[in-house]
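# Residue-level structural notes
Each chain, letter by letter, is given below.
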Amino acid sequence: MSINKKIKQSYLPINRWKAWLFCLLSATLILACTGDLDNDGAALLGPSFGITIIPQNPTIIKAGTQLFTATGGVTPYTYYIANTSTGTSLGTIVASGVNVGLFTGVQALASAPAGTATVTAVDSTGVSGTTTLTVLPTILLVTPGSGILTAAGDEIFTATLLSGSGLATCSISRDDSSGTTTIPTVVANGAVCTATASAVPTSGTEDFTITITDSINGDYATAKLTLGTP
């Protein structure tokens, strides 16, 4: 047997292996192309490599809303929220469909909690990403923080309600139980509380506490009302 023939016989298994490999690759390519055609020409989905949720770590007011958007994965996304700092849920998030990714804080009267929760988005391949959502605590401010009436008359206190309906309730209490001056009346109109004193001390002063409460979520703030001449 010639040397050339021996060499050809030695390489015959290798050539057969190459031929099989070529056929396998060709078949894979054909199946991939067929799959693409079956998918309306779009490439078949593969695994994604990371999800980013926008915005990252937002803060919102009580009874507020926040829209989250996921990027970097394969649509569609499913959204979840789990409270991580308090014993009650901060609100709900739309998992899928219309308004997907929209978080809505608790709206019920006097029961909107503050705290931090984890928002998770999961894409169609099972890859997830997270961010945090913080619902701020007290959101009600009253101005002025204090007022003085040296004669019978009115003092107006205005509440700034950053969420809810813009409605408030108003109450007043005497700081010193030994006081004798008639307690002023208080009337709430929207977010404005008007305190009306029918009399003031003939000497010295008496102090009262005005409390304005948000009618939606129960947040409150206080201001001081002094009657008389310091």
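Residues numbered from 1 in each chain as written. Predicted model: local features only at pLDDT ≥ 70, side-chain atom pairs only at ≥ 80, totals over all residues. Heavy atoms only, no water.

## Let's talk about the overall build of the chain
Threshold: Strands here are runs of E lasting at least two residues and helices are runs of H or I lasting at least four, both read from the DSSP assignment and numbered beginning at the N terminus. Only protein chains enter the accessibility calculation, which uses a 1.4 Å probe; a residue is then buried when its area is under 20% of its type maximum, exposed when over 50%, and partly exposed in between. Note on areas: these come from Shrake-Rupley sampling with a 1.4 Å probe, and a residue is covered only by the protein chains present in the view.
When you go through the chain residue by residue, the secondary structure sums to 1 helix and 17 strands. Split into buried and exposed, the 230 residues of the chain put 29% on the buried side. Counting only carbon and sulfur atoms, one obtains 61% of the accessible surface of the chain, whose full area is about 13300 Å².

## Section: the environment of threonine 78
Convention followed: Contacts are assigned to residue pairs with any non-hydrogen atoms lying within 4.5 Å of each other.
Residue placement: threonine 78 occurs in strand 5 (residues 78-83). By relative accessible area, threonine 78 is classed as partly exposed at 27%. In the structure, threonine 78 is positioned 17 residues away from alanine 95 in sequence and 5.1 Å away in space, judged by C-alpha atoms. The contact partners of threonine 78, leaving out residues within four places of it in the chain, are Ala95, Thr120, Ala121 and Val122.

## Digging into the confidence of the model for the chain
Do not read the fine detail of predicted coordinates wherever pLDDT is low. Defined as follows: Per-residue confidence from the predictor is given as pLDDT, running between 0 and 100.
Averaged over every residue, the pLDDT of the chain is 80; residues scoring 70 or more account for 73%. Ranking the elements of the chain by mean pLDDT puts helix 1 (residues 3-38) last, at 47, and strand 1 (residues 52-54) first, at 96. Note that residues 4-8 has pLDDT below 50 and, in this model, 1 contact with residues that lie over four places away or in other chains. Ignoring residues within four places in sequence, the model shows residues 27-45, a span with pLDDT below 50, making 8 contacts including any to other chains.

## Topic: the sheet that holds strand 13 (residues 168-174)
Rules: The pairing criterion for strands is at least two bridges between them, as found by DSSP. Angles shown run from 0 to 180 degrees and are taken between the N-to-C directions of axes, each axis being a line fitted to C-alpha atoms and, for helices, limited to the stretch in contact.
On the basis of which strands lie adjacent, the open sheet formed by 4 strands has the order 11-17-16-13 and mixed pairing. In this open sheet, the two edge strands, each paired with only one partner strand, are strand 11 (146-149) and strand 13. Taking each pair of neighbouring strands and ignoring which way they run, the sheet shows an average axis angle of 25°.

## With respect to the pairing of strand 14 (residues 185-189)
Pairing of strand 14 with strand 15 (residues 192-197) involves 5 bridges; the strand directions are antiparallel. The residue bridging valine 186 from the neighbouring strand is alanine 195, located in strand 15. Where strand 14 folds back on strand 15, the antiparallel hairpin that results is connected by 2 residues, among which glycine 190 adopts a positive phi of roughly 65°.

## Here's the deal with unusual backbone geometry
The omega angle of the peptide bond from threonine 75 to proline 76 is 0°, so this bond is cis rather than trans. As for its placement among the helices and strands, proline 76 is situated in the loop between strand 4 (69-71) and strand 5. Cis geometry marks the peptide bond from threonine 143 to proline 144; its omega dihedral reads -5°. You can see proline 144 is positioned in the loop between strand 10 (140-143) and strand 11.

## Looking at the pairing of strand 15
Only one face of strand 15 is buried: it carries Cys193, Ala195 and Ala197, and the other face, with Val192, Thr194 and Thr196, is open. As judged from the 6 bridges shared by strand 12 (residues 153-161) and strand 15, these two strands associate in the antiparallel manner. Bridged to glycine 153 within strand 15 is alanine 197.

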